[in-house]
Protein chains: 2
Amino acid sequence: MAAAARVLHQQGVERTTIADIAHAAGVPVGNVYYYFKTKDALVQAALAEHSGHLAELTGELDKLPSPLERLKALVGLWVGQRDVAARYGCPTGTLAVELDKRAEGGMDLEAGRVIRLLLDWVERQFRELGLSDPDNLALTLVGAYQGMSLLANALRDPEIMTREGSRLIRWLDSLPDDGTGHRNS
Amino acid sequence: MAAAARVLHQQGVERTTIADIAHAAGVPVGNVYYYFKTKDALVQAALAEHSGHLAELTGELDKLPSPLERLKALVGLWVGQRDVAARYGCPTGTLAVELDKRAEGGMDLEAGRVIRLLLDWVERQFRELGLSDPDNLALTLVGAYQGMSLLANALRDPEIMTREGSRLIRWLDSLPDDGTGHRNS
DNA sequence: GTCTATAATGCGATAGAC
DNA sequence: GTCTATCGCATTATAGAC
């Protein structure tokens with residue numbers, strides 16, 4: 001599953017063959033089909049990997065004391081992945097684009113579910129900050145991440161992540177917050 | 001070329017066969033190969049279509065008197081395309097994601113060139129407004145567009161375009177501007 | 001459960017009649 | 001320049017020995 005997630009991210013769903021994944025995992029082709037009946041099942045396994053990785057990540061961030069620190073740390077993690085993003089794009093975002101075109105078995109919405117998990121977590125942070133319209137703020141932050149990842153990838157320029165990341169940090173710092181964790185703007 | 005651009009956007013590059021494009025254009029398969037030697041040549045033709053469409057669009061916007069009006073009209077056009085974006089994503093953005101994975105003939109950077117055209121035009125508007133860091137502002141605006149298109153597509157929710165569009169309009173209006181068209185912030 | 005060999009299919013590309 | 005028929009190949013998926 002880890003090999004599937006990695007190779008599918010780098011090569012894309014359509015250009016990746018089962019043989020590619022089998023090779024990356026160090027097993028023969030037929031063996032893969034023993035555990036995953038179809039290629040789509042492998043794609044779903046990759047999605048589960050991304051979902052698990054996200055849960056792990058937010059779990060770590062939740063240890064930070066304030067919601068603002070958590071959001072800023074999240075942006076820091078994004079920028080830290082700038083070279084991967086510039087080369088292959090956001091794993092979940094590019095997968096969402098590919099699955100939308102794939103249009104079989106109604107799997108085109110499953111990547112959206114992983115993105116929804118991130119949106120919900122971010123929205124929770126904004127809500128804890130006492131800000132109004134936390135759902136719109138989450139949309140803005142996650143949208144900015146997907147946008148800067150796509151641009152960095154399309155232009156092959158990791159510095160885009162750095163520049164936009166800095167702006168997002170300043171934006172987060174500029175949001176109204178009295179330090180109590182309860183605030184309406 | 002128009003049929004290629006349309007079908008490639010809707011079905012994706014890898015899932016679209018030459019037969020699909022030939023059918024959409026109302027010509028037999030072999031005929032397509034008389035004008036386009038390979039499938040990649042068709043993809044490049046589609047990119048040229050997008051590039052031409054963009055030039056046409058900015059040409060219209062350039063008729064508006066002020067840069068701020070032009071940018072706000074651009075956002076309005078994006079929101080006006082919300083149903084298409086929610087169903088198939090931004091034509092150029094999704095193509096950039098797909099071509100990055102395709103990785104053949106060095107065509108993976110050509111979608112980036114079209115996006116660069118948009119970035120440059122937007123940057124020019126910000127520069128005319130006299131704002132500092134017009135390149136970063138362009139990155140923010142175009143990045144927001146790509147991000148909201150991807151989210152709208154992944155979640156199949158055109159309203160995301162409306163909500164983020166409204167925010168972008170407010171953001172543009174909040175930028176420092178004295179009405180002379182020359183200003184540093 | 002592991003692995004090899006192969007069947008079945010779909011697609012890019014071409015040949016060649018008209 | 002238009003169109004039909006087909007080749008060659010890559011890939012998903014399976015059969016079946018071990």
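Reading the values: rules and limits
Residues numbered from 1 in each chain as written. Chains lettered and ligands numbered in written order. Predicted model: local features only at pLDDT ≥ 70, side-chain atom pairs only at ≥ 80, totals over all residues. Heavy atoms only, no water. 1 Å grid on protein atoms, 1.4 Å probe; cavity = no way out; pocket = protein on both sides within 12 Å on 5 of 7 lines; lining within 4 Å. Points joined across faces, edges and corners; volume = space filled by probe spheres on them. Helix = DSSP H or I, 4+ residues; strand = E, 2+ residues; numbered from the N terminus. Salt bridge = Lys/Arg side-chain N within 4 Å of Asp/Glu carboxyl O. Buried < 20%, exposed > 50% of the residue type's maximum accessible area, 1.4 Å probe, protein only. Phe/Tyr/Trp six-rings, centres within 6.5 Å; stacked < 30°, edge-to-face > 60°. Near = heavy atom within 4 Å. Polar contact = N/O pair within 3.5 Å; in protein donor to acceptor, adjacent residues only side chain to side chain. Nonpolar A, V, L, I, M, F, W, Y, C, P; charged D, E, K, R; others polar. UniProt positions renumbered as here; feature names shortened; annotations may be inferred.

An unreviewed UniProt entry lists chain A under the name TetR family transcriptional regulator, with Streptosporangium minutum as the source organism.

Please explain the layout of surface pockets as it appears in this structure.
Of the voids in this model, the largest pocket is the one considered here, and its volume is about 970 Å³. Around the largest pocket, the lining comprises 37 residues; the ones closest to its centre are A:Thr140, A:Arg167, A:Trp171, B:Arg167 and B:Trp171. With eight residues, the single largest contributor to the lining of the largest pocket is helix α10 (residues 159–174) of chain B.

Sorry if this is basic, but what is going on with the pattern of salt bridges here?
A side chain of one charge can pair with a side chain of the opposite charge if their charged atoms are brought near each other. Residue and element names in this part refer to chain A. Under the defined criterion, the tally for this structure stands at 28 salt bridges over all chains. Residues aspartate 173 and lysine 72 are paired through a salt bridge, measuring 2.9 Å at the closest nitrogen-oxygen approach. You can see aspartate 173 sitting in helix α10 (residues 159–174) and its partner lysine 72 sitting in helix α5 (residues 67–80), a full 101 residues away along the chain. Classification of aspartate 173 by relative accessible area gives partly exposed; the value is 43%.

Help me understand the packing of aromatic side chains, please; the structure alone is not making it clear to me.
Two aromatic rings are characterised by how far apart their centres lie and by the angle between their planes. Residue and element names in this part refer to chain A. Counted by the stated rule, this structure contains six aromatic pairs over all chains. Judged by centre distance (5.1 Å) and plane angle (85°), the ring pair of tyrosine 34 and tyrosine 35 falls under edge-to-face. The exposure class assigned to tyrosine 35 is exposed, which follows from its relative accessible area of 60%.

Sorry if this is basic, but what is going on with the protein's contact with DNA strand C here?
A:Pro28, A:Gly30, A:Asn31, A:Tyr34, A:Tyr35, B:Thr16, B:Thr17, B:Ile18, B:Tyr33, B:Thr38 and B:Lys39 make up every residue found near DNA strand C. Separating a phosphate oxygen of DNA strand C from a side-chain N or O atom of A:Asn31 is a distance of 3.1 Å. Here a phosphate oxygen of DNA strand C and a side-chain polar atom of A:Tyr35 are 2.9 Å apart. The leading source of residues in the surface near DNA strand C is helix α3 (residues 29–35) of chain A, at four residues. Class assignment of the residues belonging to the surface near DNA strand C gives a composition of five nonpolar, five polar and one charged.

Help me out: how do you make sense of the UniProt feature "DNA-binding region" (unreviewed entry) in chain A in this one?
Within the UniProt annotation, "DNA-binding region" (unreviewed entry) is assigned to residues 17–36 of chain A. In this annotation, residues 17–36 of chain A is assigned 75% helix and 0% strand; the end-to-end C-alpha distance for the span is 13 Å.

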